[in-house]
Amino acid sequence: MFIPHTQDETEAMLEAIGVKKLADLFTDVPEKYRFPKLDLPEALTEMEVLAELKEYAGANESVDDLVCFLGAGAYNHYVPAAIDSLLRRSEFYTAYTPYQPEISQGTLQSIFEFQSLIANLTGMEVANASHYDGATATAEAGVMAYHNFRGKRSKILLSEAINPQYKEVLCTYMCGYENIHIESGSSKQDPFTAPDSLIPQIDGDTALVLVQYPDFFGRVYDLTALAIKAHEQGALLGVIANPTALGLFKAPGEFGTDIVVGEGQPLGIPLSFGGPYLGFFATRKEFARKISGRLVGETEDGQGRKGYVLTLTAREQHIRREKATSNICTNQGLMSLAATIYLSLLGKHGFRQVASLCYQKAHYAAGKLGKLKGYKLVSSTPFFHEFVLQCPRPVSEINAMLLDQGFLGGYDLSKDFPTLKNQMLLAVTEMNNKDQIDALVETLAEVHND
Amino acid sequence: MTEPTIYELSSTGRVGVEYPLPDVPLTDFPVELLREDLPLPELSEVDVVRHFTHLSSLNYCIDTGLYPLGSCTMKYNPKINEETARLPGFAHTHPLQPAETVQVNLALMFELQEFLKEISGFAGVCLEPAAGAQGEMVGVMIIRAYHRSRGDSKRVKMLIPDSAHGTNPASSAMSGFEVVPVPSDASGNVDLAALKAICDDTVAGLMLTNPNTLGLFDENVLEVIKTVHAAGGLVYGDGANLNALLGIARPGDLGFDLMHFNLHKTFSTPHGGGGPGSGPVGVTKKLIDFLPTPVVAVIEEGSEELPPLYGFTTPKQTIGRVKSFYGQFGMIVRAFTYIRMQGPDGLKKVSQYAVLNANYLLSRLQGAYVLPYKRRCMHEFVLEGCWADAPEVHAMDVAKRLMDYKFHPPTNYFPLIVHEALMIEPTETESMQTLDLFADAMLKIAEEAHTHPELLKSAPHDTPISRLDEVKAAKDLVLCCWIPEDN
Amino acid sequence: MKIQPTLKYTNSDEWVAVEGKTATLGVSDYAQDQLSDVVFVEVSANVGDIIKKNSAVATVESVKAASDVISPVSGKVIAVNEVLSTTPEQVNSDPFGAAWLLKVELSDPAELDNLMDAEAYEKYCADRSH
């Protein structure tokens, strides 16, 4: 199968090494623990394993079977066929991190293009080669802010309206830094307060102010005032952005943001039950050396030909060891390639079109649902493709009924925000057509009448 | 040959994908919040496909040939993995779907947890960490949480052998530990006397890669572990080199307290040009409560008619969440596929042949290259890429010259304790013929180093581009495409 | 390798020039040679900072390595060489002159007694090159 040796070859190799049998190669292993019997199921052939996994996968209900109105950090978008076709080129997916630039220009140039596309999309000057996902990119923003002030500023100020999982991951990462604490917007009872409500809490000890755009509830705010106030106190402003929204709305860079991070899954990456996804990280050029993770830079060879290399590597763990500001080794190479192809294919027009379709369909759905008896739209601020619906009953009950009718209902906000009882976060994308939205409205009306 | 950037290829007005027109009544946009310019390129689908196909042709990859990067385990990536991970029932499931609609995902994750427990000899596994480096960070956090839970706050030191990967000290520092290097002895083992001298009640743990980055199985591993345990510390196993141990020895049996796995090294998931990886963590019983959240568990036992009900649980004293959702699920499906196809005997064979291949290559290269630690190796070995009688030639030159012979070079300049290191890991998936061709090339290069050193210094000659100016890249720092004016 | 006869040296390859109560710090020619092409210099201490002996005051980076500059003296920082952030290559071309890193007003001149003179440093460097 994947081990090509014939019996004769194995014997010839053993002889060259000077041992009699394979077991003789392992005499350094303590005898008592050598060659344990592994209690694992016996091997299957490829034919059998495929049949087994097809059966497994078939037992799930996917977004192909259910009409999806669920988002909350992972979004059901159309993935054009060309993306997977290119990702399946083994020149891309069976290569390693491009340590040898002469034979890795394909990977290096595509990362360079990824950096460029992300910088342009976010309105920033530089972007790195990616992080694991939006949550870890957010955590890395915290780490960078910490190092930017050399540990002298101790506060990271968080909006309540950011993805709760991102907040958790940030907290996990920052717990190794003894002198930093994470402060949430003070209005704990009301997660819906606007980002500007953070302003009174920004002080000279604040390293980073972090908000989401659109926020976790889908709302879009102008962040200019927040940026000004953060900078007045010498703090950095970090924005967690949904990339699809940036096809339509102002780039965070336009507000004077210092760091933009986010989840790149909406850019041509399948839902895949939560991973692999893609974290992106963009900032201003003055912070380029403080970015954790890989960076690709343009240069030339001895003959003056343009080429690309991993650059600023002296900051990284393999050289700086414990003095490195991050332990990152790989990035999400193949996923950043997916996003690069997606943004190239859709381009200026297609990407704006997707963002507009999401906006229009979400607003149509919100308009209809808000008028339903027993339901209410919770916020009147501008929103992108997600919105909060106040329901007449607990969301878990409503979702169970929706599931019976073939719908994947919205996210139950009471899971993370105890005060948001009966509130559902719905996401609508270009994948939802009018009939599906109308059917959802009808079904929810029935739920209330039941 | 160079390929223009995606921005240079852009032509105003081109579109690569068309979307249906809106089928709903339109709502006004909030004009004051809209962006004016969207600086993305404009290309047709053909432009895009050709561009990335051209780029792909500039890469070397496993499907091209041997990729002997030490400690990276560049084994062949079975094609079936790519099929199973893309089955719509897996690839098109939303992570927040009700658990009852994705029981199979949970079952598969549970099974992989069980497989990894059995392979490693640990009591608990969490699949969440996104890569080896993150798995390591999780391990270090678990060590800290464990000591703290016992009120033992004076353990501030993390011991790390000088042969370790740079991620070990970096992960330790990120979690607030003071890093204390442990020297290696003349045989490439942990220097036991030095270790004993450092071990006291301020030691939180030791991060041990075994076999280490020299490809050597520590001959005193049991004693090393005992020493750290006697001082009250925990021993972390860096799973980077697990490909040498499948069915050979279980780290849990040897006394390790926790370790991470690299699904992308040991269990054949593709490296993707630098990710996605996947770095699950395994722990002994006393550390289970500290694992990241969530882990998959059986919520209700099954019966003869009904399968068990699986769900996510949060360990009691969890260190918290380290990424969104549950791990690199697509990689989990691939690794599951691989382990199912290997079975217990197949996995043992993987390590046996990985070690056979490394020792065979070593037997062919020893002599022409200096072997600093003269011992039988495990799945990889380290040579010196320099010669006293060819002073101008460095390991980097050997590496670059290998490209002219159509091979990917070994890892260079690592581990740091070997002068001009060339770290070679052939993996089990290479045939004797391929190894012979590689050895022939290496021997030829050793000869050239003495007869025609300029051939090495100016290599590679036969690649799409020659050696690049890294100083210029770092100084000028061009990190984004130049965008043509009219775009 | 060049050695400046009038300076004092540390075993981590910094040099110190003393004029009255003021010490000027930089990295030696041996250090720049080991680093190869320097691409980045960052002095992390600011004018007015009180620094302690053995604290890291700057980072010097090449494409292959990065090195922390450790101050062998304590005192108040009175000047920082800002020019190096845009011309890091001066560390290679003129390590003992234009590439000075910072000036410190000494709080404990006795700390200088532990440093090597040029002769001792030359021997120290020779012992390390094998």
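Just so you know, these numbers come straight off a predicted model, no measurement behind them.

The rules behind these values
- Residues numbered from 1 in each chain as written.
- Chains lettered and ligands numbered in written order.
- Predicted model: local features only at pLDDT ≥ 70, side-chain atom pairs only at ≥ 80, totals over all residues.
- Heavy atoms only, no water.
- Buried < 20%, exposed > 50% of the residue type's maximum accessible area, 1.4 Å probe, protein only.
- Helix = DSSP H or I, 4+ residues; strand = E, 2+ residues; numbered from the N terminus.
- Arc of directions from axis to C-beta.
- Contact = heavy atoms within 4.5 Å.
- Buried area = accessible area lost by both parts, 1.4 Å probe.
- Salt bridge = Lys/Arg side-chain N within 4 Å of Asp/Glu carboxyl O.
- Nonpolar A, V, L, I, M, F, W, Y, C, P; charged D, E, K, R; others polar.
- Pairing = 2+ DSSP bridges.
- Axes fitted to C-alpha atoms, helices over the stretch in contact; angles between N-to-C directions.
- Polar contact = N/O pair within 3.5 Å; in protein donor to acceptor, adjacent residues only side chain to side chain.
- Domains from an automatic or database assignment.
- Expected span 1.5 Å × (residues − 1).
- Parallel < 35°, antiparallel > 145°, perpendicular 65-115°, else oblique.
- Left-handed = near helix turned anticlockwise from the far one by under 90°.
- Phe/Tyr/Trp six-rings, centres within 6.5 Å; stacked < 30°, edge-to-face > 60°.
- Right-handed = clockwise from strand over helix to strand, strands pointing away.
- Patch = residues over 30% accessible without salt bridge, like charges linked within 9 Å, V, L, I, M, F, W, Y side chains within 5 Å.
- Areas by Shrake-Rupley, 256 points an atom, 1.4 Å probe, with all protein chains shown as cover.
- Lys, Arg positive; Asp, Glu negative; His and termini not counted.
- Charge placed at Lys NZ, Arg CZ, Asp CG, Glu CD.

### What about helix α3 (residues 118-128) of chain C?
Think of an α-helix as turning once every 3.6 residues; residues three or four places apart then point the same way.
Residues and elements named next belong to chain C.
Point 1. Buried within α3 we find A118, Y121 and C125. Looking down the long axis of α3, one finds its buried residues gathered within 65° of arc, a one-sided arrangement. Along α3, exposed side chains directed more than 90 degrees from the buried face belong to E119, K123, A126 and D127.
Point 2. In this structure, the buried side of α3 is in contact with β1 (8-9) and α1 (29-35).

### Let's talk about the interface of chain A and chain B
Point 1. Taken together, the contact between chain A and chain B spans 188 residues of the former and 206 residues of the latter.
Point 2. A buried area of about 17,000 Å², summed over both sides, lies between chain A and chain B, and 64% of it is on carbon and sulfur atoms.
Point 3. For chain A, the biggest contributors to the area lost against chain B are F2, E102 and F273 of chain A; these three give 6% of the whole.
Point 4. Taken together, the connections running from chain A to chain B amount to ten salt bridges.
Point 5. Between E8 of chain B and K306 of chain A there is a salt bridge, with its nearest N and O atoms 3.3 Å apart.
Point 6. The element contributing the most residues to the side of chain A that touches chain B is helix α10 (residues 333-370) of chain A, with 26 residues.
Point 7. Of the residues assigned to the side of chain A that touches chain B, the class counts are 96 nonpolar, 53 polar and 39 charged.

### Here we look at the environment of Y9 of chain C
All names here are of chain C.
Point 1. Tracing the backbone shows Y9 in strand β1.
Point 2. According to the relative accessible area criterion, Y9 is buried, its value standing at 0%.
Point 3. In the structure, Y9 is positioned 100 residues away from P109 in sequence and 15 Å away in space, judged by C-alpha atoms.

### A closer look at the pattern of salt bridges
Point 1. In this structure the tally under the stated criterion is 51 salt bridges over all chains.
Point 2. A salt bridge links K196 of chain B to E223 of chain B; the nearest nitrogen and oxygen atoms lie 3.2 Å apart. Taken together, the positions of K196 of chain B in helix α7 (residues 192-198) and E223 of chain B in helix α8 (residues 221-230) put the pair 27 residues apart, joining distant regions of the chain.
Point 3. Put simply, D476 of chain B and K472 of chain B hold a salt bridge, and the shortest N to O gap is 3.0 Å. Of the two residues, D476 of chain B and K472 of chain B both sit in helix α14 (residues 470-476), four residues apart, roughly one turn of that helix.
Point 4. For D476 of chain B, a relative accessible area of 42% puts it in the partly exposed group.
Point 5. For K472 of chain B, a relative accessible area of 28% gives the class partly exposed.
Point 6. Among the charged side chains, a salt-bridge network with shared partners connects D84 and R88 of chain A together with E82, E83, R86 and R334 of chain B.

### Description of the sheet that holds strand β4 (residues 38-43) of chain C
All names here are of chain C.
Point 1. Spatially, three strands are ordered β4-β6-β7 in an open sheet, and the strand pairing comes out antiparallel. Two strands close off the open sheet at either side, each with one partner strand: β4 and β7 (66-70). Strand-to-strand, the axes of this sheet are offset by a mean angle of 20°, without reference to chain direction.
Point 2. Where strand β6 (residues 56-62) and β7 come together, five bridges link them in antiparallel fashion. Looking at β7, one finds that V60 is bridged to S67.

### Side note on the interface of chain A and chain C
Point 1. Each partner contributes to the interface: chain A provides nine residues, whereas chain C provides 14 residues.
Point 2. Interface of chain A and chain C: buried area, both sides summed, is about 850 Å²; carbon and sulfur atoms make up 41% of it.
Point 3. When the buried surface of chain A facing chain C is broken down by residue, R150, R289 and R320 of chain A rank first, second and third, together holding 55% of it.
Point 4. For the pair chain A and chain C, the interface holds three residue pairs in polar contact (both at pLDDT 80 or more).

### Comments concerning the domain arrangement of chain A
Many authors give the size of an interface as the accessible area that is lost as the parts come together.
Residues and elements named next belong to chain A.
Point 1. Considered domain by domain, chain A is made up of domain 1 (67-78 + 348-449) and domain 2 (81-342).
Point 2. Here domain 1 and domain 2 have C-alpha centroids that lie 28 Å from each other.
Point 3. Tallying the contact residues gives 32 residues for domain 1 and 30 residues for domain 2.
Point 4. Here domain 1 meets domain 2 over a buried area of about 2,400 Å², counting both sides, of which 69% is carbon and sulfur.

### Some words on helix α2 (residues 46-59) of chain A
Point 1. Given a rise of 1.5 Å per residue, 14 residues ought to cover 20 Å, and the 20 Å separating the end C-alpha atoms of α2 of chain A matches this to within 8%.
Point 2. Among all positions in α2 of chain A, only V49, E52, L53 and A57 of chain A are buried. Down the axis of α2 of chain A, the smallest arc covering the buried residues is 130°, so these residues share one side. Set apart from the buried face of α2 of chain A by more than 90 degrees, the exposed residues are M47, E55, G58 and A59 of chain A.
Point 3. Check the buried side of α2 of chain A and you find it contacts α2 (79-85), α3 (88-91), α4 (103-120) and α10 (329-365) of chain B.

### A short note on the packing of α2 of chain A against α10 of chain B
Point 1. Their axes nearest at 10 Å, the elements α2 of chain A and α10 of chain B cross at an angle of 135°. Considered as vectors, α2 of chain A and α10 of chain B are oriented oblique to each other. With respect to the hand of their crossing, α2 of chain A and α10 of chain B are arranged in right-handed fashion. Residues E46, V49, E52, L53 and Y56 of chain A of α2 of chain A lie in contact with α10 of chain B, whose contacting residues are F336, T337, R340 and M341 of chain B.
Point 2. Looking at the contact of α2 of chain A with α10 of chain B residue by residue, the class counts come to five nonpolar, one polar and three charged.

### A word on the packing of aromatic side chains
Residues and elements named next belong to chain B.
Point 1. Evaluation of the coordinates by the stated rule reveals 35 aromatic pairs over all chains.
Point 2. Here Y60 and Y67 contribute two aromatic rings whose centre-to-centre distance is 5.6 Å and whose plane-to-plane angle is 65°, an arrangement assigned as edge-to-face. Like Y67, Y60 is buried.
Point 3. For the ring pair F90 and F329, a centre distance of 6.0 Å and an interplane angle of 65° mean the geometry is edge-to-face.

### With respect to the sheet that holds strand β14 (residues 411-412) of chain A
All names here are of chain A.
Point 1. Strands sit in the order β11-β12-β15-β14 across an open sheet of four strands; the sheet is antiparallel. The sheet terminates laterally at β11 (376-377) and β14, the two strands that pair on one side only.
Point 2. Bridging between strand β12 (residues 386-390) and strand β15 (residues 423-427) involves five bridges; their strand directions are antiparallel. Note that in β15 the partner of F387 across the bridge is L426.
Point 3. Those strands touched by helix α11 (residues 395-404) are β14 and β15, and its axis lies near 45° from that of β15.

### Regarding the pairing of strand β6 (residues 236-241) of chain A
All names here are of chain A.
Point 1. For β6, the buried fraction is high: six of the six residues fall into the buried class.
Point 2. Side chains L236, G238 and I240 of β6 all project onto a buried face; the interleaved residues L237, V239 and A241 project onto the opposite face, where all are buried too.
Point 3. Bridging between strand β5 (residues 206-213) and β6 involves six bridges; their strand directions are parallel. Bridge pairing links V209 to L237 in β6.
Point 4. Taking the sense of rotation as the criterion, the β-α-β connection linking β5, helix α8 (residues 224-232) and β6 turns out right-handed.
Point 5. Sheet topology note: the β6/strand β7 (residues 259-263) ladder contains three bridges and is parallel. When the bridges of β7 are listed, G238 appears paired with I259.

### Quick word on a negative patch on the surface
Point 1. A contiguous patch of negative charge, built from E61, D64 and D65 of chain A together with E100 of chain B, is present on the exposed surface.
Point 2. By secondary structure assignment, the location of E61 of chain A is in the loop between α2 and β1 (67-68).
Point 3. The class of E61 of chain A is partly exposed, set by a relative accessible area of 31%.

### Regarding the side chain of S104 of chain A
Point 1. Mapped onto the fold, S104 of chain A is located in the loop between α4 (90-93) and α5 (105-122).
Point 2. A residue is classified by how much of its surface remains accessible, and S104 of chain A, at 4% relative accessible area, is buried.
Point 3. Of note is the side chain of S104 of chain A, whose polar atom sits 2.8 Å from the backbone oxygen of Q100 of chain A.
Point 4. Look past the residues within four positions of S104 of chain A in its chain and what remains in contact with it is P98 of chain A together with L58 and N59 of chain B.

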